[in-house]
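Now for the letters of each chain:
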Amino acid sequence: MTIARRAAVAALCLATAAVTAPAMAQTTITIQHPLPSNSHYGAGAQALKESFERATGGRYRVNIQRNDNEREIIESVQIGTVECYIGSTGPVGNFVPAVRVVDVPFLFRDYAHARGVLDSEIGQNILQQFNARGLVGVIWMENGFRHLTNSRREVHDPGDVRGLKVRTMENQVHMRAFTTLGALPTPMAFSELVPALQQGTVDGQENPIPVIVANNLNQVQRYLTLTGHVYSPGLLICNPAMMQAMSPADRAAFMEAARAGQKANRDRVSADEASGIEELRRRGMQVVTSVDTAAFQAALASAFAQYERELDADTLRRIRAWQ
Ligand code: PAF
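Scope of this entry: the structure provided in the associated data block.

Cut-offs and rules
Residues numbered from 1 in each chain as written. Predicted model: local features only at pLDDT ≥ 70, side-chain atom pairs only at ≥ 80, totals over all residues. Heavy atoms only, no water. Helix = DSSP H or I, 4+ residues; strand = E, 2+ residues; numbered from the N terminus. Polar contact = N/O pair within 3.5 Å; in protein donor to acceptor, adjacent residues only side chain to side chain. Near = heavy atom within 4 Å. Areas by Shrake-Rupley, 256 points an atom, 1.4 Å probe, with all protein chains shown as cover. Nonpolar A, V, L, I, M, F, W, Y, C, P; charged D, E, K, R; others polar. Salt bridge = Lys/Arg side-chain N within 4 Å of Asp/Glu carboxyl O. Buried < 20%, exposed > 50% of the residue type's maximum accessible area, 1.4 Å probe, protein only. Disulfide = S-S within 2.5 Å. Core = buried A, V, L, I, M, F, W, Y, C linked by side-chain atoms within 4.5 Å. Contact = heavy atoms within 4.5 Å. Phe/Tyr/Trp six-rings, centres within 6.5 Å; stacked < 30°, edge-to-face > 60°. Arc of directions from axis to C-beta. Axes fitted to C-alpha atoms, helices over the stretch in contact; angles between N-to-C directions. Parallel < 35°, antiparallel > 145°, perpendicular 65-115°, else oblique. Left-handed = near helix turned anticlockwise from the far one by under 90°.

### A short note on the environment of serine 232
Here is step 1 of the chain: Inspection of the secondary structure assignment puts serine 232 in strand β8 (residues 223-238).
Here is step 2 of the chain: Along the chain, serine 232 and serine 151 lie 81 residues apart, while their C-alpha atoms are 23 Å from each other.
Here is step 3 of the chain: A distance of 3.0 Å separates polar atoms of two side chains, one belonging to serine 232 and the other to arginine 146.

Following this line, the structure appears as structure tokens:
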């Protein structure tokens, strides 16, 4: 056989193999999160995607989408039309009440305390409570410490919050705190926030610095007060059937990818925290740094007593004592 004829036969064999070989089955996992791709959730989702797709040699594809209604995403994950959620604990307590314990104001001292507790047995115990609610709590992510913005006045102490209409997440623990401070909490999905601020339906809102920066909330809010009144944990939550359908090896690779996502997410929160306040000043926000934290805590005394009665008091005590 001539070289040319041999090459032609080889090409024909390859083409036949390509036609007859079964196509590699590919499973798509959709992760929805509520922020722009260039955000701390976007960073977490992207790192997870890269790690998992690499580890499974393309058998899995991860599709990242934005949906700024967190409750809607969780409902979709529960019924299985979306596989996974990355977002805050904001509305999660309405699905898994045990989560509410980590939404208590002034509970975590700083990022090291919050991350340490959530990665410890305390945080893992809370994640296990998701199973009974038709969800899998895969890993803790992070949103950040929340700060108050508004369009009316500088806020230094609790008296300044009185009478402010503040958008909160659909979160009973947070709403209780703002009611106790004499504000008028107005729960709504994040998707409704900017129009509500523009139309004056609410005067203010509260969110971590990375969220305020990534969503240009400086365009609709003049005053920022570094209240750091509550740590806002993030979560990766997935659909149980999707997790069960994975082989043990793929599930291990998914957990590894979730850890890579957690690291990228937290690193991004730290980086945005470091640069964000200066950036917001540069964009024209008036930033109040002198906050009377002790006065805020004292003003919340009756709310704290209620949390002790209604939430898991032992877990609250263990979180406060965590070193
Ligand atoms: O304010 C909220 O609803 C949340 O903090 C947000 C911005 C959706 C991020 O989880």
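That was the structure; now back to the text.
### Observations regarding the site of the ligand
Here is step 1 of the chain: Taken together, Pro34, Leu35, Tyr41, Glu70, Ser88, Asn143, Arg146, Arg167, Met169, Phe190, Asn207 and Val211 form the complete shell of residues around the ligand.
Here is step 2 of the chain: At 2.6 Å from an oxygen atom of the ligand is found a side-chain nitrogen or oxygen belonging to glutamate 70.
Here is step 3 of the chain: One of the side-chain N or O atoms of arginine 167 is found 2.6 Å from an oxygen atom in the ligand.
Here is step 4 of the chain: Within the complex, the protein chains bury 99% of what would otherwise be the 290 Å² of accessible surface of the ligand.
Here is step 5 of the chain: Partitioned by chemical class, the residues of the shell around the ligand number six nonpolar, three polar and three charged.

### Focus on the pattern of salt bridges
Here is step 1 of the chain: With the rule as written, the count across this model stands at 18 salt bridges.
Here is step 2 of the chain: Between arginine 318 and glutamate 121 there is a salt bridge; the shortest N-O distance is 3.2 Å. On the criterion of sequence distance, the pair formed by arginine 318 in helix α13 (residues 313-321) and glutamate 121 in helix α5 (residues 121-128) is long-range, its members being 197 residues apart.
Here is step 3 of the chain: Residue class for glutamate 121 comes out partly exposed when judged on its relative accessible area of 49%.
Here is step 4 of the chain: The network of salt bridges with common partners includes Arg71, Glu75 and Glu170.

### A short note on the state of the cysteines
Here is step 1 of the chain: Under the criterion given, the structure shown has one disulfide.
Here is step 2 of the chain: Shown here is the disulfide that connects cysteine 84 with cysteine 238, its sulfur atoms set 2.3 Å apart. Judged by the sign of its S-S torsion, about 110°, the bond between cysteine 84 and cysteine 238 is right-handed. Pair noted here: cysteine 84 is in strand β3 (residues 84-88) and cysteine 238 is in strand β8, with a separation of 154 residues, a long-range link.
Here is step 3 of the chain: A relative accessible area of 0% places cysteine 238 in the buried class.

### Observations concerning the nonpolar core
Here is step 1 of the chain: Residues Val92, Val102, Val104, Phe108, Phe130, Leu135 and Tyr307 are the most contacted members of the largest nonpolar core, which totals 49 residues.
Here is step 2 of the chain: Broken down by secondary-structure element, the contributors of at least two residues to this core are α3 (70-79), α4 (111-119), α5, β4 (136-150), α6 (172-180), β8, α12 (301-310) and α13.
Here is step 3 of the chain: Per element, the largest residue contribution to this core is four residues, and it comes from α4.
Here is step 4 of the chain: Sequence-distant contacts of phenylalanine 130, defined by excluding residues within four places in its chain, comprise Val92, Val96, Val99, Leu135, Val136, Gly137, Leu235 and Ile237.

### Describing the packing of aromatic side chains
Geometrically, a pair of aromatic rings is defined through the distance of the ring centres and the angle of the planes.
Here is step 1 of the chain: Under the criterion given, the structure shown has seven aromatic pairs.
Here is step 2 of the chain: With a centroid separation of 6.0 Å and an interplanar angle of 80°, the aromatic rings of tyrosine 111 and tyrosine 231 are classed as edge-to-face. One end of the pair, tyrosine 111, is in helix α4; the other, tyrosine 231, is in strand β8, and 120 residues separate them in sequence. Take tyrosine 111 and tyrosine 231: they sit in the same class, and that class is buried.
Here is step 3 of the chain: Ring centres of phenylalanine 304 and tyrosine 307 lie 6.2 Å apart, and the angle between their planes is 65°; on these two criteria the pair is classed as edge-to-face. With phenylalanine 304 and tyrosine 307 both in helix α12 and three residues apart, the pair spans about one turn of that helix.
Here is step 4 of the chain: Taking the relative accessible area as the measure of exposure, tyrosine 307 reaches 4% and is therefore buried.

### Points about α3
Here is step 1 of the chain: Within α3 the residues assigned to the buried category are Glu70, Ile73, Ile74, Ser76 and Val77. Here the buried residues of α3 occupy an arc of 160° about the axis, which is enough to place them on one side.
Here is step 2 of the chain: The inward-facing, buried residues of α3 contact β1 (27-33), α2 (40-55), β3 and β8.
Here is step 3 of the chain: Capping the start of α3 is the job of one residue whose side-chain oxygen sits 3.3 Å from the backbone nitrogen of arginine 71: asparagine 69.

### As for the environment of aspartate 103
Here is step 1 of the chain: As for its position among the elements, aspartate 103 is in the loop between β3 and α4.
Here is step 2 of the chain: When the C-alpha atoms of aspartate 103 and arginine 318 are compared, they prove to be 15 Å apart, with 215 residues separating the residues in sequence.
Here is step 3 of the chain: Among all residues touching aspartate 103, those that are not within four sequence positions of it are Thr89, Asn171, Val173, His174, Val230 and Pro233.
Here is step 4 of the chain: A polar side-chain atom of aspartate 103 sits 2.6 Å from a polar atom in the side chain of threonine 89.
Here is step 5 of the chain: A polar contact of 3.0 Å, which involves the side chain of aspartate 103, links it to the side chain of asparagine 171.

### Quick word on the packing of α4 against helix α10 (residues 248-282)
What describes two packed helices is the angle between their axes and the distance between those same axes.
Here is step 1 of the chain: It is the contact of α4 with α10, at a shortest axis distance of 13 Å, that shows an interaxial angle of 165°. In terms of orientation, α4 lies roughly antiparallel with respect to α10. Considering the relative orientation of α4 and α10, their crossing is right-handed. On α10, the residues that touch Tyr111, Arg115 and Asp119 of α4 are Gln262, Arg266, Val269, Ser270 and Glu273.
Here is step 2 of the chain: Looking at the contact of α4 with α10 residue by residue, the class counts come to two nonpolar, two polar and four charged.

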